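A closer look at the structure
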Amino acid sequence: MRLSRYFLPTLKEAPSDAQIVSHQLMLRAGMIKQEAAGIYAWLPLGLRVLRKIEGIVRQEQERAGAVELLMPTLQLADLWRESGRYDAYGPEMLRITDRHERELLYGPTNEEMVTDIFRAYVKSYKALPLNLFHIQWKFRDERRPRFGVMRGREFLMKDAYSFDLDEASARIAYKRMFAAYLNTFSRLGLKAVPMRADTGPIGGDLSHEFIVLAETGESEVFCDRKLVEMDAPGHNLSVEQLEGVFNERTALYAATEEMHDAAQFESQTAEGDRLSARGIEVGHIFYFGTKYSAPMKAKVAGPDGQDTEVHMGSYGVGVSRLMGAIIEASHDAGGIIWPDSVAPFDVVVINLRANDEAVSAACEEAVAKLEALGKDVLYDDTDERPGGKFATADLIGVPWQLTIGPKGLADGVVELKRRATGEKQTLPLDAALELLTK
């Protein structure tokens, strides 16, 4: 992608109303544009990252056995009346009446709709266990939308819903998603700590939030330091291994500010392992039994032929919110530092003298070879001054910067910079390309 033909409206200064780092840097890097309070247009650079995050979330859901579908953004109010949540949900729900006086709502979550889909088609326990997920835009009419995509009104969310014959099976499904979330956040370059959580308007008696530690997090969290140091559990785990992953992590203290018990924290956690930090919620999972299946009559015939209400759970990941969380956890004074897995481009090739034929030819060669090897390349072929080019490359956070200029070319070398560390190497172009494609 040539930068001269790309739409990248960067800003030197962030607007004064951008209060946190992720909001400031997303605006400055030309990733989003605010259209209304808590509602953003996703510009090309931001959309590329959003799609990368979405892809990883999708892959990990499928690895965990979830099956993707796509539900609409608008839902019938009558479905929510069946579950009893229509009036109880509160002013965050955007209620709509169409031209035929039908009452609709812009979905804040999908428990009712997915239960309606399930009950229409699944009649036997032989179809269980089942986990359905989608990645769809949601709307919650926040009283005070703020912090950019961290607390917007419209947001992209992955929500999954498990259906099982009984509580024991449903709790296994819950633990499978628990492990899948740890794998997901690890692939995104994040250390996420599971913390016991309030079930809120979703309902149920078992719930965990996944919290990313960041200095600019929304609230204070308390946990055993060992939780932050644990590796992702990996894939294809047996039921016994899932139990082990869940028990190992939930045995250690971890609580949000609202759930914190200072006395328990001190008694349960060694002094050297007590960690108090700021945190950002990036995922939330729930087991709620028959809360929705009972009022909505979602039943299957069991092994004994008797109809039984299925046990359910739901599992949410804020896909668009994750972008803000990654930036909050990974940035410096120059701008964003993207993990390789979600970076908008793998490498930016910087042409230091766009009107020099030899330099341009070397850049074109480098771009062609990198793209042939499957790399996403941004080619800065603009006539901007070198300082401006370097500043833009740092701001947008591409993991590698390959700089080609007339002086280096005369000496047979280029400069390769790793954005995360700032480390620079001077080496021949072929050696640089080999390093970039390892």
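Calculation notes
- Residues numbered from 1 in each chain as written.
- Predicted model: local features only at pLDDT ≥ 70, side-chain atom pairs only at ≥ 80, totals over all residues.
- Heavy atoms only, no water.
- Helix = DSSP H or I, 4+ residues; strand = E, 2+ residues; numbered from the N terminus.
- Rg over C-alpha atoms; globule rule 2.2 N^0.38 Å.
- Buried < 20%, exposed > 50% of the residue type's maximum accessible area, 1.4 Å probe, protein only.
- Contact = heavy atoms within 4.5 Å.
- Areas by Shrake-Rupley, 256 points an atom, 1.4 Å probe, with all protein chains shown as cover.
- Core = buried A, V, L, I, M, F, W, Y, C linked by side-chain atoms within 4.5 Å.
- Axes fitted to C-alpha atoms, helices over the stretch in contact; angles between N-to-C directions.
- Parallel < 35°, antiparallel > 145°, perpendicular 65-115°, else oblique.
- Left-handed = near helix turned anticlockwise from the far one by under 90°.
- Arc of directions from axis to C-beta.
- Pairing = 2+ DSSP bridges.
- Nonpolar A, V, L, I, M, F, W, Y, C, P; charged D, E, K, R; others polar.
- Polar contact = N/O pair within 3.5 Å; in protein donor to acceptor, adjacent residues only side chain to side chain.

1. Quick word on the overall build of the protein
The helix and strand inventory of the protein stands at 14 helices and 23 strands. The C-alpha radius of gyration computed for the protein amounts to 24 Å, which stays within 12% of the reference 22 Å derived for 438 residues, consistent with globular compactness. Expressed along its principal axes, the backbone C-alpha trace of the protein runs to roughly 80 × 60 × 45 Å. Counting only residues that meet the buried cut, the protein has 51% of its 438 residues in that class. Of all intrachain contacts in the protein linking residues separated by at least 6 positions in sequence, the fraction that spans at least 24 positions is 72%. Surface summary for the protein: the accessible area is close to 19,600 Å², and the carbon and sulfur share equals 48%.

2. Let's talk about the nonpolar core
In this structure, Ile53, Phe185, Met323 and Trp338 are the most contacted members of the largest nonpolar core, which totals 73 residues. In contact with Phe185, not counting residues within four places along its chain, are Leu190, Ala192, Phe210, Val282, Gly283, Val317 and Leu322. Counting 25 residues, the second largest nonpolar core, distinct from the first, contains Tyr86, Leu105, Leu130 and Val300.

3. Description of the environment of Ile336
Structurally, Ile336 is set in strand S18 (residues 335-336). With a relative accessible area of 0%, Ile336 lands in the buried category. In the structure, Ile336 is positioned 95 residues away from Ala431 in sequence and 27 Å away in space, judged by C-alpha atoms. In this view, Ile336 contacts Leu25, Ala29, Met31, Ile327, Ser330, His331, Asp394, Leu395, Ile396, Gly397 and Arg419; residues no more than four positions away in its chain are not counted.

4. Things to note about the packing of helix H2 (residues 44-63) against helix H5 (residues 167-187)
At a minimum axis distance of 9 Å, the contact between H2 and H5 shows a crossing angle of 150 degrees. By the angle between their axes, H2 is roughly antiparallel relative to H5. The chirality of how H2 crosses H5 is right-handed. Judged by residue contacts, Ile56, Val57, Gln59, Glu60, Gln61 and Arg63 of H2 engage Met177, Ala180, Tyr181, Asn183, Thr184 and Arg187 from H5.

5. Re helix H14 (residues 429-436)
Those residues of H14 lying buried are Leu429, Ala432, Leu433 and Leu436. Each buried residue of H14 sits inside an arc of 100 degrees when the element is viewed along its axis, so together they form one side. Exposed residues pointing more than 90 degrees away from the buried face of H14 are listed as Asp430 and Glu434. For H14, the secondary structure elements touched by its buried residues are strand S19 (347-351), helix H11 (357-372), strand S21 (400-404), strand S22 (414-418) and strand S23 (424-427).

6. Focus: the pairing of strand S11 (residues 219-224)
The buried fraction of S11 amounts to five of the six residues, a majority that puts the element mostly inside the structure. Summarising the sheet, S11 and strand S13 (residues 274-289) pair through six bridges and their orientation is antiparallel. The residue bridging Cys223 from the neighbouring strand is Leu275, located in S13.

7. Topic: the sheet that holds S22
As summarised here, the arrangement of the five strands in space is S20-S19-S21-S22-S23, forming an open sheet in which the pairing is mixed. The open sheet has two edge strands, strand S20 (377-380) and S23, and neither has a second partner. Each adjacent strand pair in this sheet contributes to an overall mean axis angle of 20 degrees, direction not counted. Note that S19 and S21 share five bridges and pair parallel. Paired with Val347 across the strands is Trp400, a residue of S21. In this fold helix H12 (residues 386-396) packs onto S19, S20, S21 and S22, with an angle of close to 175 degrees to the strand it touches most, S19.

8. Let's talk about the packing of helix H1 (residues 21-28) against helix H10 (residues 319-329)
The relative placement of two packed helices comes down to the angle between their axes together with the axis-to-axis distance. Close contact between H1 and H10 brings their axes to 8 Å; oriented N to C, the two are set at 105 degrees. The angle between H1 and H10 falls in the class roughly perpendicular. Contacts between H1 and H10 pair Val21, Ser22, Leu25 and Met26 from the former with Met323, Gly324, Ile327 and Glu328 from the latter. Residue classes in the contact of H1 with H10 are distributed as five nonpolar, two polar and one charged.

9. Here we look at the sheet that holds strand S6 (residues 103-106)
Hydrogen bonds between backbone groups are what pair the strands of a sheet, and the pairing can be parallel or antiparallel. One open sheet accounts for three strands, arranged S4-S6-S5; its pairing is antiparallel. The sheet is open, and its two edges are formed by strand S4 (74-76) and strand S5 (94-97), each paired on a single side. Put simply, the sheet's adjacent strands are angled 35 degrees from each other on average, direction ignored. Across four bridges, the pairing between S5 and S6 is antiparallel. When the sheet's bridge partners are listed, Thr97 is paired in S6 with Glu103.

10. A few points about the side chain of Ser207
The residue Ser207 is located in strand S10 (residues 206-213) in this model. Side-chain polar atoms of Ser207 contact the side chain of His284, separated by 2.7 Å. A polar atom in the side chain of Ser207 sits 3.0 Å from the backbone oxygen of Ile285.

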